[in-house]
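So you can see what is in the structure, the chains are spelled out below.
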Amino acid sequence: MNSLISLSLPPGMHTSISEILKEKTLKPSRRSLPCLAQSQTHPQNINHFLSMPLTPDDKTDESFLIHKPATRAKLEARVDSLQPSGLLFRDGKKRIDYILVYKKSSPLVEKRVTFERNLRAEGLMLEKEPSLTNTDIMFVKIHVPWDTLCKYAEQMNIRMPFRKKSYFTDWKSKAMGSRFHLRCRQIKSWLPRNPMKLDKEALPDLEETDCYTAPFSRARMHHFTINNRHTFFSNSTRSRIVHHVLQRTKYEDGKSKMGVNRLLGNGTYEAAFPPHEGGYKSRHPIKTHGAQNHRHLLYERWARWGMWYKYQPLDLIRRYFGEKIGLYFAWLGWYTGMLIPAALVGLLVFLYGFLTMDTSQVSKEICEANTTIMCPMCEENCNTWKLSDSCVYAKVTHLFDNGGTVFFAIFMAIWATVFLEFWKRRRAELTYDWDLIDWEEEEENLRPQFEAKYSRVERVNPISGKPEPFQPFTDKLSRLMVSVSGIFFMMSLVLTAVFAVVVFRLIAMEKFASFDWEFVKKNWQFATSGTGVCINFMIIMSLNVVEHPRTESEWENSFALKMFLFQFVNLNSSTFYIAFFLGRFAGRPGKYNKLFNRWRLEECHPSGCLIDLCLQMGVIMVLKQIWNNFMELGYPLLQNWWSRRKIKQTEREERTRGGQNVEIKVQLPQWDIDWNLQPMNAHGLVDEYLEMVLQFGFTTIFVAAFPLAPLLALLNNIIEIRLDAYKFVTQWRRPMPARATDIGIWYGILEGIGVLAVITNAFVIAITSDYIPRFVYAFRYGPCVDKECLRGYMNSSLSVFDMGERLNVSEESRYCRYRDYRASPWSPVPYDFTLQFWHVLAARLAFIIVFEHLVFGIKSFIAYLIPDMPKSLCDRMRREKYLMQEMMYEAELEHLQKERKKNGRRYHHEWP
């Protein structure tokens, strides 16, 4: 067979598997499961930590130290009985893989006893331990023996390492000679070291040898590299196996009476979680004494605020929290890194507007228009005002509505495409490195709730050929209709709230325009927009708290889509109103349109409506980010502080009642510490993704109106990464390490936002901003004297109204100006639209069509040019697939030869 292989390989490559396995590794890329025969998977001191009791020398937060009263006679006995025993059973050998928590006072004893008896029947080992902080709390420690691990690893198709990976030499690079590569390495060594990279010495845990993996099989256990049964299955894999068993174990007779989730819902158990691997702090420096455990390593090299500029240790995050959380942080880091060029370009566009603010012809004309009288802003108690009074407003508008707006809108549309296309490549590399290429087809199981509800109706799975529960189409359709009806109801509620904000703005406009305080009266536009935005923000945050698929990923995708639709409408409905409806239907002086025949509709400023949109985006974006950060970190911190305070208060009351003066400090065991932490959100990572995807929408959809949005998003995300890291490592219980191959439905939502961003930015530039009217005036009506084509633009965009028709005023103050393209009162057809109006309208429609087609064409061309997977990765995967087949053949042949030799039979080197 090797002779056949040699015919298909290029010259210069090895022609036998034995030679390939001896070849030196040239292109290492970490895979998910280490070859445990060649590397250690724990930090320096973690093996010692897992096998030895915790000592008082280990530094722990004082809040996790309880004070136990004791008499002199019972002091030593109390110390011995309360000494924590690490993450092991009392025998000091069995590792704790999962923790269940229940109250002794719970009346649902029968269900719990039945459930625990069935867990033991499934092969799990249980041990109970009372809480040291609450006499009513009992912990159930769960350990998975080796045989049970093997059984469920085979059922769940968990991939495990079976042979050390070897790489082949790229003959193309070999032909170029080794001198070129040596020179490149020398030049690279002369360059300054990247300060954002983590030192390999800082993460010794990541220095591991790669291995080929395959779905675990007890029948072929001799293929796998099993050097130590205690470390062959990682902690996250053991936790996933226990969670799988807990979800499918019955607590009563009946097909629907199963799963720990139902027991958590009805109060049989208070919590279920895998324990943290120990404390996240140590009194000894990590550089000299090494990490105590993975959690300590993550805190020191990832979660500390001082590491904000460093790359994330994604392999370590994935190993401790699972691939699903690892992919979230990988996507968040990639998104944050891609925001850097967008933020720089947006800042340059803003600086361009700032530097040209005083030289802008439009701003000059507004500031110098001391004789231009504008029509009153309300029907009662409002007087005429001078156009020059809005000089500051016009200059601020130029900061965001200038010549760089169109360029930045096109740039951000292309940026969104590049971001998504390169994320697909990054995601492909991660799924390869983490051994998730074929996971979705092999390992994803039905949800226990789905199995229990639809177990009566079964059909054959067309892929596996096995019968499985089936949801009838009528049931699926009825649930879909109920879900869609709920979504439309919530959207109507949001639109009602937006309508209320519009009414508030109309009332506030009248009040501020006729205010007694001159400062407010002069700046009524800012006052109206500012108060309206703040009211809208409070409504958005209030509505945010309002609100049975087949597999876990389908359930999460369905829930995520519903939440996104509601929150997107809630967050952006008022922004769409300001962008596309504000000032469009206000009418004209003498014939204003009124809401309920009472309030006059709001008008735009003579310099445009873009500043209102900019103010809306800036205030909501800043306030929402501050609020979200407080709720993510501040709220858990307050809850954990309150829990520690109650523990100390309970201990103080016990000491007072007992009249005992002697007290000692005893460190709580890890499960007791974890119980006092906050559980992960009930919706998992949906809330985390939702926050970032909504931010992505805010950053791209109306970016033409607010070029500083990418910069604000970048600053927020730098904080968000470390905030989330600190929260996961220190404030939350350890979540169940789940697996995933991608970010789920969020990628499709991001693509949809990218398409919507092109359309909305085209309309913002054409309709909301003054770019098109200025463009038409410059090339059709402007004098273009001394390269200044906008001279007289402001006067051209203002129409004349005769106030003497309705008011008894003098001849000098009879006429006022308003923003529109209408004929003068003395023309043959008074107040009719002028030819300039139709020219501007035609130019706006043409710009929308040209802009959309141009940008969509560029986006499609870029997406076509960038492949979803790097070619080097494709070649490596094809090569490994070939090597795996050959190694499985050799491993099976070697095993059969050993069996024949053991039985005294003759054996040959060919397949028997």
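What counts and what doesn't
- Residues numbered from 1 in each chain as written.
- Predicted model: local features only at pLDDT ≥ 70, side-chain atom pairs only at ≥ 80, totals over all residues.
- Heavy atoms only, no water.
- Helix = DSSP H or I, 4+ residues; strand = E, 2+ residues; numbered from the N terminus.
- Buried < 20%, exposed > 50% of the residue type's maximum accessible area, 1.4 Å probe, protein only.
- Areas by Shrake-Rupley, 256 points an atom, 1.4 Å probe, with all protein chains shown as cover.
- Polar contact = N/O pair within 3.5 Å; in protein donor to acceptor, adjacent residues only side chain to side chain.
- Contact = heavy atoms within 4.5 Å.
- Pairing = 2+ DSSP bridges.
- Axes fitted to C-alpha atoms, helices over the stretch in contact; angles between N-to-C directions.
- Parallel < 35°, antiparallel > 145°, perpendicular 65-115°, else oblique.
- Nonpolar A, V, L, I, M, F, W, Y, C, P; charged D, E, K, R; others polar.
- UniProt positions renumbered as here; feature names shortened; annotations may be inferred.
- Disulfide = S-S within 2.5 Å.
- Phe/Tyr/Trp six-rings, centres within 6.5 Å; stacked < 30°, edge-to-face > 60°.
- Lys NZ or Arg CZ within 6 Å of the ring centre and 35° of its normal.
- Expected span 1.5 Å × (residues − 1).
- Left-handed = near helix turned anticlockwise from the far one by under 90°.
- Patch = residues over 30% accessible without salt bridge, like charges linked within 9 Å, V, L, I, M, F, W, Y side chains within 5 Å.
- Salt bridge = Lys/Arg side-chain N within 4 Å of Asp/Glu carboxyl O.
- pLDDT = per-residue confidence, 0-100.

Participant: Would you take a moment to explain the overall build of the chain for this structure?
Facilitator: The number of helices and strands found in the chain is 33 helices and 18 strands. Taken across its 912 residues, the chain has 51% of its residues classed as buried. Accessible surface, the chain as shown: approximately 44,400 Å² in total, 58% of it carbon and sulfur.

Participant: Just checking my understanding: could you explain the side chain of Glu323 for this structure?
Facilitator: Within the fold, Glu323 resides in helix H15 (residues 323-355). Within the local environment of Glu323, its side chain forms a polar contact with the side chain of Arg318, the two groups lying 3.0 Å apart. Among residues more than four places away in sequence, those in contact with Glu323 are Arg318, Trp434, Leu436, Ala738, Arg739 and Ala740.

Participant: Would you explain the pairing of strand S3 (residues 125-130) in this entry?
Facilitator: For a regular strand, side chains alternate in direction, first toward one face of the sheet and then toward the other. Direction of pairing for S3 relative to strand S4 (residues 137-143): antiparallel, over a ladder of six bridges. Residue Glu127 lies in a different strand from S4, and its bridge partner there is Lys141. The antiparallel pairing of S3 with S4 creates a hairpin that spans six residues between the two strands.

Participant: What am I meant to see in the packing of helix H18 (residues 404-433) against helix H27 (residues 686-700) here?
Facilitator: Helices that pack against each other are described as a pair by the angle of their axes relative to one another and the distance between those axes. For the pair H18 and H27, the least separation of the axes is 10 Å and the interaxial angle reads 150 degrees. Between H18 and H27, the interaxial angle falls into the category roughly antiparallel. Where H18 abuts H27, its residues Met412, Trp415, Ala416 and Phe419 lie against Phe696, Thr699 and Thr700. Among the residues making up the contact of H18 with H27, the classes are represented as five nonpolar, two polar and no charged.

Participant: Before we go on, may I ask you to explain the UniProt feature "transmembrane region" (unreviewed entry) in the chain in this structure?
Facilitator: UniProt's feature table lists "transmembrane region" (unreviewed entry) at residues 328-355, 405-423, 480-504, 524-544, 564-587, 693-715, 743-767 and 841-866, given in the numbering used throughout. As annotated, residues 328-355 has a helix share of 100% and a strand share of 0%, and its two end C-alpha atoms lie 40 Å apart.

Participant: I keep staring at the state of the cysteines and nothing clicks. Help me out?
Facilitator: Simply put, the disulfide is a covalent bond whose two ends are the sulfur atoms of two cysteines. In this structure the tally under the stated criterion is two disulfides. Covalent S-S linkage joins Cys367 and Cys391, the inter-sulfur distance amounting to 1.9 Å. Judged by the sign of its S-S torsion, about 80 degrees, the cystine formed by Cys367 and Cys391 is right-handed. Here Cys367 is found in helix H16 (residues 361-367), whereas its partner Cys391 is found in helix H17 (residues 391-400), with 24 residues between them in sequence. Here Cys367 falls in the partly exposed class, since its relative accessible area comes to 22%. The exposure class assigned to Cys391 is buried, which follows from its relative accessible area of 17%. Paired by a disulfide, Cys375 and Cys816 hold their sulfur atoms 1.9 Å apart.

Participant: It is not clear to me how the packing of aromatic side chains should be interpreted in this structure. Could you clarify?
Facilitator: Applying the stated criterion across every chain, the model contains 47 aromatic pairs. Taken together, a centroid distance of 5.9 Å and an interplanar angle of 65 degrees make the contact between Phe115 and Tyr269 edge-to-face. One end of the pair, Phe115, is in helix H5 (residues 109-121); the other, Tyr269, is in the loop between helix H11 (260-265) and strand S7 (271-273), with 154 residues separating them in the sequence. Judged by its relative accessible area of 1%, Tyr269 is buried. Taking 5.6 Å as the distance between ring centres and 70 degrees as the angle between the ring planes, the aromatic pair formed by Phe321 and Phe728 counts as edge-to-face. Taken individually, Phe321 and Phe728 each receive the classification buried, so the pair is uniform in this respect. The ring of Tyr320 has Arg734 sitting right over it, with the charged end atom 3.9 Å from the ring centre. Taking NZ or CZ as reference, Arg780 lies 5.1 Å from the ring centre of Tyr781, over its face.

Participant: Just checking my understanding: could you explain the sheet that holds S4 for this structure?
Facilitator: Think of a sheet as strands paired side by side through backbone hydrogen bonds, with each pair either parallel or antiparallel. A sheet is described by the order of its strands in space; here four strands give the open sequence S3-S4-S2-S7, paired in antiparallel fashion. Pairing within the sheet leaves two strands with one partner each, and these edge strands are S3 and S7. Within the sheet, the average angular offset between the axes of one strand and its neighbour, ignoring direction, is 20 degrees. Taken together, the six bridges between strand S2 (residues 98-103) and S4 define a ladder with antiparallel strand orientation. When the bridges of S4 are listed, Tyr102 appears paired with Met138. Packing of H5 onto the sheet brings it into contact with S2, S3 and S4, and relative to S3 it is tilted by some 140 degrees. Along the sheet, helix H10 (residues 235-247) contacts S2 and S4; its crossing angle with S2, the most-contacted strand, is approximately 45 degrees.

Participant: How should I be thinking about H18 in this particular structure?
Facilitator: It helps to recall that an α-helix has 3.6 residues per turn; residues three or four apart then point in one direction. Along its 30 residues, H18 runs 42 Å from first to last C-alpha, staying within 8% of the 44 Å computed at 1.5 Å per residue. Within two residues after H18, Asp435 carries a phi angle of roughly 60 degrees, on the positive side.

Participant: Which parts of the structure should I look at to understand the packing of H27 against helix H29 (residues 746-768)?
Facilitator: Interhelical geometry of H27 versus H29 gives an angle of 20 degrees and a closest axis separation of 9 Å. Classed by the angle they form, the pair H27 and H29 counts as roughly parallel. In the crossing of H27 with H29, the sense of the turn from one axis to the other is right-handed. Between H27 and H29, the contacting residues are Val686, Tyr689, Leu690, Val693, Phe696, Gly697 and Thr700 on the first element and Trp746, Ile749, Leu750, Ile753, Ala757 and Asn761 on the second.

Participant: How should I be thinking about a nonpolar patch on the surface in this particular structure?
Facilitator: Taken together, the side chains of Trp627, Phe630, Met631, Tyr635 and Leu638 define a hydrophobic patch exposed on the protein surface, amounting to about 480 Å² of accessible area. Examined against the element boundaries, Trp627 turns out to sit in helix H25 (residues 610-658). By relative accessible area, Trp627 is classed as partly exposed at 38%.

Participant: What's the story with the side chain of Ser799 in this structure? I'm lost.
Facilitator: By the secondary structure assignment, Ser799 is in strand S17 (residues 798-802). Look at Ser799 and you get buried, because its relative accessible area is 3%. A polar side-chain atom of Ser799 sits 2.6 Å from the main-chain carbonyl oxygen of Asp820. Separated by 2.9 Å, the side chain of Ser799 and the backbone nitrogen of Arg822 make a polar contact. Leaving out residues up to four positions away in the same chain, Ser799 has contacts with Cys816, Arg817, Tyr818, Asp820, Tyr821 and Arg822.

Participant: Sorry if this is basic, but what is going on with the environment of Asp435 here?
Facilitator: If you trace the backbone, Asp435 turns up in the loop between H18 and helix H19 (439-443). Given the relative accessible area of 5%, Asp435 is considered buried. Separated by 224 residues in sequence, Asp435 and Cys211 place their C-alpha atoms 10.0 Å apart. A polar atom in the side chain of Asp435 sits 3.3 Å from the side chain of Arg159.

Participant: I keep staring at the pattern of salt bridges and nothing clicks. Help me out?
Facilitator: Note that side chains of opposite charge can pair when their charged atoms are close. Scanning the model with the defined rule gives 26 salt bridges in all. A salt bridge links Lys871 to Asp875, with the shortest nitrogen-to-oxygen separation between them at 3.0 Å. Placement of the pair is Lys871 and Asp875 together in helix H33 (residues 871-902), with a separation of four residues, close to one helical turn. The exposure class assigned to Lys871 is exposed, which follows from its relative accessible area of 57%. Among the residues examined, Asp875 registers a relative accessible area of 32% and is labelled partly exposed.

Participant: Any chance you could explain the confidence of the model for the chain here in plain terms?
Facilitator: Low-pLDDT stretches of the model should not have their predicted coordinates read in fine detail. Mean pLDDT over the chain stands at 75; residues scoring 70 or higher make up 72%. Taken together, the stretch residues 205-209 has pLDDT below 50 and engages in 25 contacts with residues farther than four places along the chain or on a different chain.

Participant: For this particular structure, what's the right way to read unusual backbone geometry?
Facilitator: Across the chain, the bulk of peptide bonds are trans and the bulk of non-glycine residues have phi less than zero. A positive phi angle is found at Asn157, which is not glycine, with a value near 55 degrees. With respect to the helices and strands, Asn157 occurs in the loop between helix H6 (146-155) and strand S5 (159-164). In this model, Tyr831 sits at a positive phi of 60 degrees, which is unusual for a non-glycine residue. Mapped onto the secondary structure, Tyr831 falls in the loop between strand S18 (815-819) and helix H32 (835-865). When its relative accessible area of 8% is taken as the criterion, Tyr831 is described as buried.

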